[in-house]
Amino acid sequence: MAKTRLACLLTLLSTHCYFNVLAVVLRTANNSPWTDEFDKVELSCLIDSISTTNPRIEWKKITSEGPSYVYFEKKISGDLANRAEIRGPATLLITNATRSDTAKYRCEVTAAGDHKTFDEIVINLVVRVKPVVPKCSVPKSVPFGKSAELSCVEEEGFPKSQYQWFKNKEAIPEDPKANFKFSNSSYTLSAETGTLKFISVRKEDAGEYFCRAKNDAGYSECLPQAMEVYDIDVVGIILGVLVVVTVLLCITVGICCAYKRGYFSSQKQTGNNYKAPAKGDGVDYVRTEDEGDFRHKSSFVI
Ligand SMILES: *[C@@H]1O[C@H](CO)[C@@H](O)[C@H](O)[C@H]1NC(C)=O
Ligand SMILES: *[C@@H]1O[C@H](CO)[C@@H](O)[C@H](O)[C@H]1NC(C)=O
């Protein structure tokens, strides 16, 4: 400031400088500073030119709800009260930034004695927030050839988290073709949404999966979770069905033989006595038509 005035005095006849001396002109070293949460950050507001000795300096925070005072009548006010101070004539230093400090800030200087009495400068502050541990969802067991979806969500991070998936500790490329190990896999992966989607799961897709949520402030990961891939074994299913059918046949044949030899005759009588009145007539008729033969035979045996 002093230097500027000296320079202007030296070139006294320059109209440009003459104008400057009578005007308040602000400048910033950085109009879009950022910091990590709980760190300090400087909102630089430099007075390039002023001739008024005791200008009025104010800072306002501008959010969607409108402007509010941050520095007014030489006092830090509002939410920043114990976390900020003024350095130099007008620079605002936030000593312990929080995520809610992310906003636009306006430095306003009024110099009553100048020809141009007012200037302002807007600074866009971003307080970055490290992601917290994301919520990951990995299906435990997926049938071979079916689709599967793995999801990863983290909502604290600022700027918004980007996602990365790992299989057996190895980063999964966004394009399967990028790594030969994944080149036969049928997945799509979105770094924006955190979704890893298999269109058709292969045996080789089984493994331990975890996700990382990251932004400029850092990253966090969820614990690895296993995904198994099981076969729908057609041969096994057919064999199983055959075994069950065989067993049922044996039982049926066994029961028939038992009927024929009369082993059930006494049980059947008591069974009939109890069952016949309890059941609906219609149902009974349908059934007895099929079993009629045996009944007749068994009654003959008696
Ligand atoms: C910053 O603020 C947080 C809470 O807002 C507090 O836990 C932390 O101790 C503060 N750090 C310093 C250096 O004051
Ligand atoms: C991918 O599939 C091809 C053809 O089936 C096979 O030759 C190749 O070894 C497979 N690659 C991997 C990494 O499994």
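This is a predicted model, so every value here is computed, not measured.

Conventions adopted
Residues numbered from 1 in each chain as written. Chains lettered and ligands numbered in written order. Predicted model: local features only at pLDDT ≥ 70, side-chain atom pairs only at ≥ 80, totals over all residues. Heavy atoms only, no water. Helix = DSSP H or I, 4+ residues; strand = E, 2+ residues; numbered from the N terminus. Buried < 20%, exposed > 50% of the residue type's maximum accessible area, 1.4 Å probe, protein only. Contact = heavy atoms within 4.5 Å. Areas by Shrake-Rupley, 256 points an atom, 1.4 Å probe, with all protein chains shown as cover. Salt bridge = Lys/Arg side-chain N within 4 Å of Asp/Glu carboxyl O. Pairing = 2+ DSSP bridges. Axes fitted to C-alpha atoms, helices over the stretch in contact; angles between N-to-C directions. Expected span 1.5 Å × (residues − 1). Patch = residues over 30% accessible without salt bridge, like charges linked within 9 Å, V, L, I, M, F, W, Y side chains within 5 Å. Disulfide = S-S within 2.5 Å. pLDDT = per-residue confidence, 0-100.

## A closer look at the overall build of the protein chain
Regarding its fold elements, the protein chain presents five helices and 21 strands. Expressed as a percentage of the 302 residues in the protein chain, the buried residues total 34%. Contacts in the protein chain between residues at least 24 apart in sequence constitute 60% of all its contacts with a sequence separation of at least 6. Accessible area for the protein chain stands at about 19100 Å²; split by element, carbon and sulfur atoms hold 59% of it.

## What about the pattern of salt bridges?
Under the definition given, this model contains 18 salt bridges. Lys116 is the partner of Asp119 in a salt bridge, and the nearest nitrogen-oxygen pair spans 3.8 Å. In this structure, a network of salt bridges that share partners links the residues Lys60, Arg106, Glu108 and Glu120.

## Details of the environment of Ser151
Along the chain, Ser151 falls in strand S14 (residues 148–153). The spacing of Ser151 and Ser137 is 14 residues in sequence and 5.2 Å in space, taken between C-alpha atoms.

## Section: the sheet that holds S14
Here we have four strands laid out as an open sheet, ordered S12-S14-S18-S17, and antiparallel in their pairing. On the outer flanks of this sheet lie strand S12 (135–137) and strand S17 (187–189), each paired with one strand and no other. The mean angle between the axes of side-by-side strands here comes to 5°, regardless of whether they run parallel or antiparallel. With three bridges connecting them, S17 and strand S18 (residues 196–198) associate as antiparallel partners. Counterpart to Leu189 in the pairing with S18 is Leu196.

## A closer look at unusual backbone geometry
With glycine set apart, most residues show a phi of negative sign, and most peptide bonds adopt trans. A cis geometry characterises the amide bond from Phe158 onward to Pro159, with omega recorded as -5°. Structurally, Pro159 is set in the loop between S14 and strand S15 (162–167). One non-glycine residue, Asn168, lies in the positive phi region at around 45°.

## Considerations on helix H3 (residues 234–261)
Taking 1.5 Å per residue, 28 residues should reach 40 Å; H3 reaches 40 Å between its end C-alpha atoms and fits that length. Among the residues trailing H3, Gly262 stands out with phi positive, at a value near 85°.

## Considerations on the environment of Ala90
Among the structural elements, Ala90 can be located in the loop between strand S8 (84–87) and strand S9 (91–94). A residue is classified by how much of its surface remains accessible, and Ala90, at 0% relative accessible area, is buried. Separated by 17 residues in sequence, Ala90 and Cys107 have C-alpha atoms that sit 7.6 Å apart. Discounting chain neighbours no more than four positions away, the residues touching Ala90 are Cys45, Ile57, Trp59 and Cys107.

## A few points about a nonpolar patch on the surface
Side chains of Tyr230, Ile232, Ile237, Val241, Val245 and Leu249 sit close together on the surface and give an oily, nonpolar patch of about 550 Å² of accessible area. Ranked by residue count, the leading element in the nonpolar patch is H3, at four residues. The residue Val241 is located in helix H3 in this model. Judged by its relative accessible area of 48%, Val241 is partly exposed.

## A closer look at the state of the cysteines
Summed over the entire model, instances satisfying the criterion amount to three disulfides. Paired by a disulfide, Cys45 and Cys107 hold their sulfur atoms 2.0 Å apart. Negative torsions about the S-S bond denote left-handed disulfides, and the value of about -70° found for Cys45 with Cys107 makes this one left-handed. You can see Cys45 sitting in the loop between strand S3 (41–43) and strand S4 (46–49) and its partner Cys107 sitting in strand S10 (residues 103–110), a full 62 residues away along the chain. Cys45 gets classed as buried once you look at its relative accessible area, which sits at 0%. Two residues, Cys136 and Cys222, share a disulfide whose sulfurs are 2.0 Å apart. Of note, the bridge from Cys136 to Cys222 carries an S-S torsion of about -100° and is left-handed in sense.

## Side note on the confidence of the model for the protein chain
Residues shown with low pLDDT carry predicted positions that ought not to be read at fine detail. Averaged over the protein chain, the pLDDT score is 84; the fraction of residues at 70 or greater is 80%. Taken as a whole, residues 8–15 scores under 50 in pLDDT and shows three contacts with residues more than four places along the chain or in a different chain. Between residues 273–302, whose pLDDT stays under 50, and residues either more than four places distant or in other chains, the model counts 10 contacts.

## Digging into the pairing of strand S20 (residues 218–221)
The side-chain alternation of S20 yields one buried face, formed by Gly218 and Ser220, and one unburied face, formed by Tyr219 and Glu221. Where strand S19 (residues 207–215) lies against S20, four bridges are found, and the strand directions are antiparallel. Its bridge partner lying in S20, Asn215 is registered against Gly218. Taking the residues between adjacent antiparallel strands as the criterion, S19 and S20 are bridged by two residues.

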